[in-house]
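These are the residues of each chain, in order.
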Amino acid sequence: MSRARPGRPARTAAAALACAAVLAAAGCSGTSSAAPDRTTATGPNGERLTAVGDDLRQPYLAYWDEWTKVARAGDVAAAPLDAHADEPNLSILRASVDQLRQEGQHMSGEVKHRLLGVRTDGEARRLYDCVDLNAWRIVDAGTGHEISQVGQRPEQLSIMTMRRIDGVWKVTDIQNPLPCPGGTAAPSRSS
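From a predicted model like this one, the values you see are computed outputs, not experimental measurements.

Definitions and limits used
Starting from 1, residues in each chain are numbered consecutively following that chain's sequence as written. Local features in this predicted model are restricted to residues of pLDDT 70 or higher, and side-chain atom pairs are both shown and tallied only at a pLDDT of 80 or more, whereas totals for entire chains, interfaces and linings draw on every residue. The side-chain figures draw on all heavy atoms in the structure; neither hydrogens nor water molecules are used. Each nonpolar core is a collection of buried residues, namely Ala, Val, Leu, Ile, Met, Phe, Trp, Tyr and Cys, held together in the definition by side-chain atoms within 4.5 Å. Buried means the residue's accessible area, taken with a 1.4 Å probe over protein chains only, is under 20% of the maximum for its type, while exposed means over 50%, and partly exposed covers the values in between. Elements are defined by DSSP. Helices are runs of H or I of four residues or more, strands are runs of E of two residues or more, and each kind is numbered from the N terminus. Asp and Glu are treated as the negative residues and Lys and Arg as the positive ones, with His and the ends of the chain left uncounted. For this document, the term salt bridge refers to a Lys or Arg side-chain nitrogen within 4 Å of an Asp or Glu carboxyl oxygen. What counts as a disulfide here is a pair of cysteine sulfur atoms lying within 2.5 Å. In short, DSSP must find at least two bridges between two strands for them to pair.

K.L.:
I'd love a proper account of the nonpolar core, names of residues and values included.
P.N.:
Core analysis: the biggest nonpolar cluster contains 31 residues, and Tyr-60, Tyr-63, Trp-64 and Trp-67 have the highest contact counts within it. Looking at this core, the elements with two or more residues in it are α2 (54-73), α3 (89-102), β4 (112-121), β5 (124-132), β6 (136-140), β7 (156-165) and β8 (168-174). Of the residues forming this core, the biggest block, eight residues, is contributed by α2. Counting residues in each nonpolar core, the second largest holds nine residues, with Ala-41, Cys-130, Ile-159 and Leu-178 among its members.

As C-alpha cells, then:
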C-alpha cells in the first residue's frame, strides 16, 4: 500500500521529477519518428536525427547506470557520477539526491529507454531518448514502502546534451521533456 507523507506531496512530486533527471513536464506537443538501423529520423521540430552509434550509446547508458545506482542508494557517493555527467547537470543530480535523502527517501525500480536518434550541434551531441519512468518510484528509506506518486507518467522525450570532456562523452544538459512519439521504451541495462 502506498502512503504519502503528510504535508509533503508537492516536494515529493518535485523530487520525483528531479530524480528522473527530467526537470519539468512540458505541455508542448510534437511528433518524432524513430531512426531504425542507422537511417534518418526527425525530432519534434523537424530536426534531422541519425541513429545513435555505440560511441554515444555506451557512455549515455553508463550515465543512466550510475545515476540509478546513486538515486536507489540515496547517496551521491554510491557511484562515480562525475565520470558520466558534468556541469550543470552534475550539480542538479547531486542536489536532487540530497533533497531525497533529507526527505528520508530514495528511488526504486527501473528506467526504460527508447533512443530515437542524435543531432550534431557543433561539438555537442543532442541525444533524443524516450524515457519511461512508470516503474521508477519514490520509496520511504525507513520503511521501504512506496510513497504515493503523482500518477501515471507517460514516456517523456528527453533531449540530453552530451559533450566530450577530457576525451569522454558526458551528459551536461537536459532539455525540458516533450511528449514522446508512440511506442514503448525498453529497459536500460541499469534496470
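K.L.:
Could you give an account of the side chain of Asp-132, with specific residues and numbers?
P.N.:
Tracing the chain through its elements places Asp-132 in strand β5. No salt bridge is formed by the buried Asp-132; its nearest oppositely charged neighbour, Lys-112, is found at 4.9 Å.

K.L.:
Give me the lowdown on the state of the cysteines, citing residues and values where you can.
P.N.:
Under the defined criterion, the tally for this structure stands at one disulfide. A sulfur-sulfur separation of 1.7 Å characterises the disulfide bridge that pairs Cys-130 with Cys-180. Between Cys-130 and Cys-180 the disulfide shows an S-S torsion of about -120°. By sign, it is left-handed. Here Cys-130, found in strand β5, pairs with Cys-180, found in the loop between β9 (178-179) and β10 (186-187); they are 50 residues apart in sequence, far enough to count as distant. With respect to class, Cys-130 is no different from Cys-180; both count as buried.

K.L.:
Summarise the pairing of β7; cite the residues concerned and give the values.
P.N.:
The side chains of a regular strand alternate, first on one face of the sheet and then on the other. With respect to burial, β7 is a largely interior element, seven of its ten residues being buried. Where β7 lies against β8, six bridges are found, and the strand directions are antiparallel. Of the residues in β8, the one forming a bridge with Met-160 is Ile-174. In this structure, the hairpin formed by β7 and β8 is closed by a connection of two residues, where Asp-166 is found at a positive phi of approximately 50°.

K.L.:
Describe the environment of Ala-41, listing the residues and the values that go with them.
P.N.:
Structurally, the position occupied by Ala-41 is in strand β1 (residues 41-42). A sequence separation of ten residues divides Ala-41 from Ala-51, and the C-alpha atoms of the two residues are 7.8 Å apart.

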